[in-house]
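# Structural overview for review
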Amino acid sequence: MNPVRAGVQGKTTAVGVYPGYAVLLILLLAYPWVASGFWTVQVGAYSLILGIISLSLMFLAGYGGVVSLAQLTIAGCAGYMLAIHGVNSAGLGLGWPWWAAVPMAIVIATLMATLIGLISVRTEGIYTIMITLAIAVAFFYFTRQNYTVFNGFTGFAGVEPPPLFGINWRDAMPFYYLCLTVAVLCYSLVLYLGRSNFGIAMQAIRDNPRRMSTLGFSVNTHRVLAYTIAGFVAALGGVLSVWFNGRISPGSISTGPVIDILIIAVVGGLSRPIGPFLGALVFVLLENFAIDLIDRDRFNTVIGVAFLAMVLFSPDGLLGLWEKLKPRLVPRREGSAGT
Amino acid sequence: MKLFLLTLLNGLTLAALYFLVASGFTLVFGLMRNVNLAHGSLYLLGAYIGYDVADFSGSWFLGVAAGFVSMAAAGLLLQVLVFRHMEGQDLRQTLVTIGISIVLADLMLAIWGGTTYQFEPPEWLYGATRMPLVRAYPTYRLALLGTAVVIGIALWLFLNRTRVGMMIRAGVDDREMLSATGINVHLVFAITFAIGAGLAGFAGVVGGTALSIAPGEDVRYLLASLVVVIVGGMGSVAGAAIGALLIGLAEQFGLAYSPTYGVVYTFLIMVLVLAVRPQGIMGKKA
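So, here's what we can say about the structure. Predicted model, so just to flag it, every value in this text is computed and none were measured. Per chain, the residues get numbers from 1 upward, laid out in the order the sequence is written. All chains are assigned letters beginning at A, and all ligands numbers beginning at 1, according to the order in which they are written. Note on the predicted model: pLDDT of at least 70 is required for a residue's local features to be given, and 80 or more for side-chain atom pairs to be given and counted; whole-chain, interface and lining totals, by contrast, use all residues.

### Quick notes on the overall build of chain A
Every helix listed is a DSSP run of H or I at least four residues long, and every strand listed is a run of E at least two residues long, numbered separately from the N terminus. Secondary structure summary: chain A contains 13 helices and two strands in total. Exposure classes come from backbone-placed C-beta atoms, where a residue is buried if 20 or more other C-beta atoms lie within 10 Å of its own, exposed if 12 or fewer do, and partly exposed in between. Within chain A, buried positions represent 50% of all 339 residues. We call two residues in contact when the distance between their C-beta atoms, placed using the backbone, is within 7 Å. Sequence-distant contacts in chain A: of pairs separated by 6 or more residues, those separated by 24 or more amount to 77%.

### Thoughts on helix H1 (residues 2-32) of chain B
Residues and elements named next belong to chain B. Here, expected helix span is obtained from the residue count minus one, scaled by 1.5 Å. Relative to the 45 Å expected for 31 residues at 1.5 Å per residue, H1 spans 44 Å between its end C-alpha atoms, a close match to the ideal helical length. Each residue is assigned a bend, namely the angle between axes fitted to the seven residues that terminate at it and the seven residues that start at it. Of all the bends in H1, the greatest, near 30°, is centred on Ala-22. Most of H1 is tucked away: 23 of the 31 residues are buried. Arg-33 sits one or two residues past H1 and shows a positive phi near 55°.

### Points about the nonpolar core
Nonpolar side chains tend to gather and get buried jointly when the protein is soluble and globular. Residues enter a nonpolar core if they are buried, belong to Ala, Val, Leu, Ile, Met, Phe, Trp, Tyr or Cys, and are joined to the set through C-beta atoms within 7 Å. Ranked by internal contacts, the top residues of the largest apolar core, which has 199 residues, are Ala-78, Ala-134, Ala-235 and Val-239 of chain A together with Tyr-18 and Val-21 of chain B. Apart from the residues lying within four places of it in its own chain, the contact partners of Ala-134 of chain A are Leu-223, Leu-226, Val-227, Ile-230 and Met-270 of chain B.

### Brief notes about the interface of chain B and chain A
At the junction of the two partners, chain B supplies 32 residues and chain A supplies 36 residues. Taken together, the elements giving at least two residues each to the side of chain B that touches chain A come down to helix H4 (90-112), helix H9 (217-232) and helix H11 (262-276) of chain B. Sorting elements by how many residues they give to the side of chain B that touches chain A places H4 of chain B first, with 14 residues. Amino acids outside the nonpolar list (Ala, Val, Leu, Ile, Met, Phe, Trp, Tyr, Cys, Pro) and the charged list (Asp, Glu, Lys, Arg) are all regarded as polar, and Gly is one of them. When the residues that make up the side of chain B that touches chain A are grouped by side-chain class, the tally is 24 nonpolar, five polar and three charged.

### Some remarks on the environment of Tyr-261 of chain B
Relative to the assigned elements, Tyr-261 of chain B resides in the loop between helix H10 (237-257) and H11. For Tyr-261 of chain B, the residues in contact, after removing those within four places along its chain, are Asn-146 of chain A together with Gly-254 of chain B.

### Focus on the environment of Val-184 of chain A
Residues and elements named next belong to chain A. Its place among the elements puts Val-184 in helix H6 (residues 172-195). Judged by the 15 C-beta atoms lying within 10 Å of it, Val-184 is partly exposed. For the pair formed by Val-184 and Leu-48, sequence separation is 136 residues and the distance between their alpha carbons is 9.4 Å.

What follows is the structure, given as structure tokens:
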């Protein structure tokens, strides 16, 4: 059904991969010590946040074959719930302390994800895209029109991470490490789930729902659970995102950003959890430096054309390109070829 | 009572507009399984081109024709150059239409800017018509309502009474069998896509006259098309009419009686239909 299918199944013998992980982790940990504040937060932390939200889409699409456009909506819901329950400068929040507001936001957003799952499992394939897009756009219009709860067009500002252990988490380095920690946890979760019984069942359902249903697996239950898990990951990203921006408004969850998440996941590649992070990094770099190449206002044309080129020529995004190039660059080792 | 009637009329005209946009969307989807997420962009692009032509020639009707013809041509090009090469790859086609809509939206912003444009329809369509109970209602909106009914009937006749229409319906039911009977399916696809896209452009000019044209309208009408065909059933023109009626009325009544929760009604209708009839009111089982 989709380009997503390749990959994933192989690559389970992890022994050969660990050195790569260690090097990557050390590089990521050392990064803020050599990078400036701009590079640490605007590029580093921002890529990680977008990566986490796109990772939730990768989990759904890569393992489950379910392409949902509502992942950013769930992240946005978490952001809104945090602003509403916690403290914001509009003076409209309930003023809960962070240890109550953050879990509340994540729980509500995860519930919303489950609800979206329950609605959209009744459809398949491209229908799912349509339903989730409709949900995403409807939520955007709803937040913009609704002043009693969502404060309409202006949204909420002044949502900040709480000072904890005497550290100001809005500072570049702590915030980067916060994002990195969450990203590593989410990445490990997705990787672990992908190899668990549940993940294997998901992948089997993606490849042949009818056969799995005959074997006695409940296709819909698996899919809804996948929505819930992906929603949890997206909610974490949403909380970080609202702390990163300090504010949330309907503009943060409009169609543009919603589609951006899809672009990031597709450009990065949907077959492995690292793809979305790659895509996010490229996206953020383009967003920041496309101004130098062309007019800033035409950023969307650049990203749109890049996305089109990716969809037309490399169905599995950057990961697919890498898989194609690898045999030429790296001399073949025995048993190292993944897929 | 007067508010109720006015809201009813507003809902009907909005439904007429939604029907015009969504019928093209559902036609293309039904035959080609192509979710054309650039449909909203075609609506807006048709409106802009129609505006320029109407402005240049001074004739609103030329503008309407330009909106239809230019988008029909664009649809033809899209089908021949892009979608024909990825038949059967639903997801990829959908992603491509998303890419196209992003680029188009940005290019339109570059060319026409962020200003709102207002059409000037001919004199006799402008102004108000006296009506019982609500006293007066904009003539243009009544004309829009009439146009949608005429287009709807014309589409129905085209699909049910002509040879090409028969081919299209056969294609909706079974693409392979149609091509096995010796019919050039690609030609049928191209015609359908041209009509669908042309209807979007047509609706752009007609709807842009009733309301206005501005950036962001593409998303609005894409959402409308999506919800209308999800509710009405994908691939069915009658379903598009029913869906458009439900959504148009729900939106206007929501706006009139509970402004901040208007969208919720639209959403609830969609969820309700999905829960009871996942394939949509007039849809066939996939």
